[in-house]
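The residues making up each chain are set out below.
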Amino acid sequence: MRVPDGLPTEIDLARPSAARVYDYFLGGAHNFEIDRQLAEQIAAMTPNLAATMRAGREFLRRAVRVLLDAGIDQFLDIGSGIPTVGNVHEVAQRVNPQARIVYADIDPVAVSHSRELLAGNDLTAVLHADLRDAERIIAEARATGLIDFDRPVGILLAGVVHFVPAADRPGELLGTLRAAAAPGSFLVISHSTFEDQPQEMLDAQRLSARTDTEITLRSRAEITGFFGDWTLLAPGVVHMPRWRPDAPGDVDDHPERFGAFGGVATHARSAG
């Protein structure tokens, strides 16, 4: 299968990509037929999946706004995916035009399109990097000159940690990221779960094994553990729509149907 002009030649179009499937569900244009085929299979099993993807994006937007209100002006977004409307730089720079954002993603298509979209925006950078190499991400983010880890930073892990299997020790990777962050920093996580999920949702999640990034579903307790000893902001780790909705009416009677928990924690400053 021929790789379209302008994209890296190492892209494997024989397998669907989780990032491109996600882009398809969000209404993006950066996906291929093999991604759309898998997306339609998943959608047939879970008709509300597109709404689930949008709920994840809305959670991220709300979290970024909370961080901006707390004075955060630099963001490290790991597992950022393919650019779609409402990306972190759009939300952050609308409030603070000097906000700096470094995106990192494992998918070369996501990286390629991100760099194309952000050309000319000197306050953003895109890394081709894997969360499983957290130390490299920290070093390369610092090397961009946009992230100063001696100052508070917002570390965003929206819908990415569930792509790291237990064998790769996600808790240790997140510990590395937390250790690099200055007091006053924040950590944002959303993560798929098996709790409160119908069997058809679990079956659809297992289709991720056909991509190069299989999903590992985890419990609320496991996800909460990824925040380490940082202080969780109210209301804690909850189903995504319940995390500080813009209006009470934004949360329906079954927020668990979106299949993921979200939470935000801060590295509290010492009393001294």
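Right, let's get into the overall build of the chain. A tally of regular secondary structure across the chain gives nine helices and eight strands. Out of the 272 residues belonging to the chain, those deemed buried represent 54%. Sequence separation of 24 or more characterises 71% of the internal contacts of the chain that already satisfy a separation of 6 or more. Working note: accessible area of the chain is about 12,100 Å², and carbon and sulfur atoms make up 51% of it.

Once that is clear, we can look at the pairing of strand S4 (residues 154–158). For a regular strand, side-chain orientation follows a simple rule: the groups alternate between the two sheet faces. Counted residue by residue, S4 has five buried out of five residues, so it is predominantly covered. Neither face of S4 is left uncovered, since the one carrying Gly154, Leu156 and Ala158 and the one carrying Ile155 and Leu157 both have all their residues buried. Sheet topology places strand S1 (residues 74–78) next to S4; three bridges connect them, and they run parallel. Bridge pairing links Asp77 to Leu156 in S4. Of the crossover connections in this fold, the one passing from S4 over helix H7 (residues 170–180) to the parallel strand S5 (residues 186–192) is right-handed.

All right, on to the nonpolar core then. With 35 residues, the main nonpolar core has Val102, Leu131, Phe149, Leu157, Leu177 and Ile189 as its most contacted residues. When residues of this core are traced back to their parent elements, those giving at least two are S1, strand S2 (100–105), strand S3 (124–128), helix H6 (134–143), S4, H7, S5 and strand S8 (260–266). Beyond its immediate sequence surroundings of up to four residues, Val102 is in contact with Phe75, Leu76, Asp77, Ala125, Leu127, Ala141, Thr144, Leu146 and Ile147. With 30 residues, the next largest nonpolar core counts Phe59, Val111, Ala158 and Leu233 among its residues.

Right, let's get into helix H1 (residues 18–25). The buried fraction of H1 amounts to six of the eight residues, a majority that puts the element mostly inside the structure. Gly27 occupies a position one or two residues after H1 and carries a positive phi of about 85°.

Relative to the assigned elements, Asp107 resides in the loop between S2 and helix H5 (108–118). For Asp107, a relative accessible area of 8% corresponds to the buried category. What Asp107 contacts, discounting residues up to four positions off in sequence, is Ser17, Ala19, Arg20 and His128.

The buried count for S2 comes to six of six residues, which makes it a mostly enclosed element. Judged from the five bridges that link them, S1 and S2 form a sheet pairing that is parallel. Bridge pairing in S2 places Ile78 opposite Ala104. Bridge count between S2 and S3: five bridges; the pairing is parallel. Its bridge partner lying in S3, Asp105 is registered against His128. Read from S2 through H5 to S3, the crossover connection turns out right-handed.

On to the side chain of His89. By secondary structure assignment, the location of His89 is in helix H4 (residues 88–95). According to the relative accessible area criterion, His89 is buried, its value standing at 9%.

This part covers the pattern of salt bridges. Two side chains of opposite charge can pair, provided their charged atoms sit close to one another. Summed over all chains, the structure comprises nine salt bridges. Here Arg136 ties to Glu140 by a salt bridge, and the two come within 2.7 Å at their closest N and O atoms. Highlighted residues: Arg136 and Glu140, both in helix H6, separated by four residues, approximately one helical turn. Taking the relative accessible area as the measure of exposure, Glu140 reaches 27% and is therefore partly exposed. Here the residues in one salt-bridge network are Asp130, Arg132 and Asp168, joined through shared partners.

Along the chain, Ala234 connects to Pro235 via a cis peptide bond; the corresponding omega equals 10°. Structurally, Pro235 is set in the loop between strand S6 (231–232) and strand S7 (238–239). With a phi angle near 55°, Arg169 is a residue other than glycine that sits in the positive phi range. Tracing the backbone through its elements, the reader meets Arg169 in the loop between S4 and H7. For Arg244, which is not a glycine, the phi torsion comes out positive at approximately 45°. Mapped onto the elements, Arg244 comes out in the loop between S7 and S8. For Arg244, a relative accessible area of 36% puts it in the partly exposed group.

About the thresholds
- Residues numbered from 1 in each chain as written.
- Predicted model: local features only at pLDDT ≥ 70, side-chain atom pairs only at ≥ 80, totals over all residues.
- Heavy atoms only, no water.
- Helix = DSSP H or I, 4+ residues; strand = E, 2+ residues; numbered from the N terminus.
- Buried < 20%, exposed > 50% of the residue type's maximum accessible area, 1.4 Å probe, protein only.
- Contact = heavy atoms within 4.5 Å.
- Areas by Shrake-Rupley, 256 points an atom, 1.4 Å probe, with all protein chains shown as cover.
- Pairing = 2+ DSSP bridges.
- Right-handed = clockwise from strand over helix to strand, strands pointing away.
- Core = buried A, V, L, I, M, F, W, Y, C linked by side-chain atoms within 4.5 Å.
- Salt bridge = Lys/Arg side-chain N within 4 Å of Asp/Glu carboxyl O.

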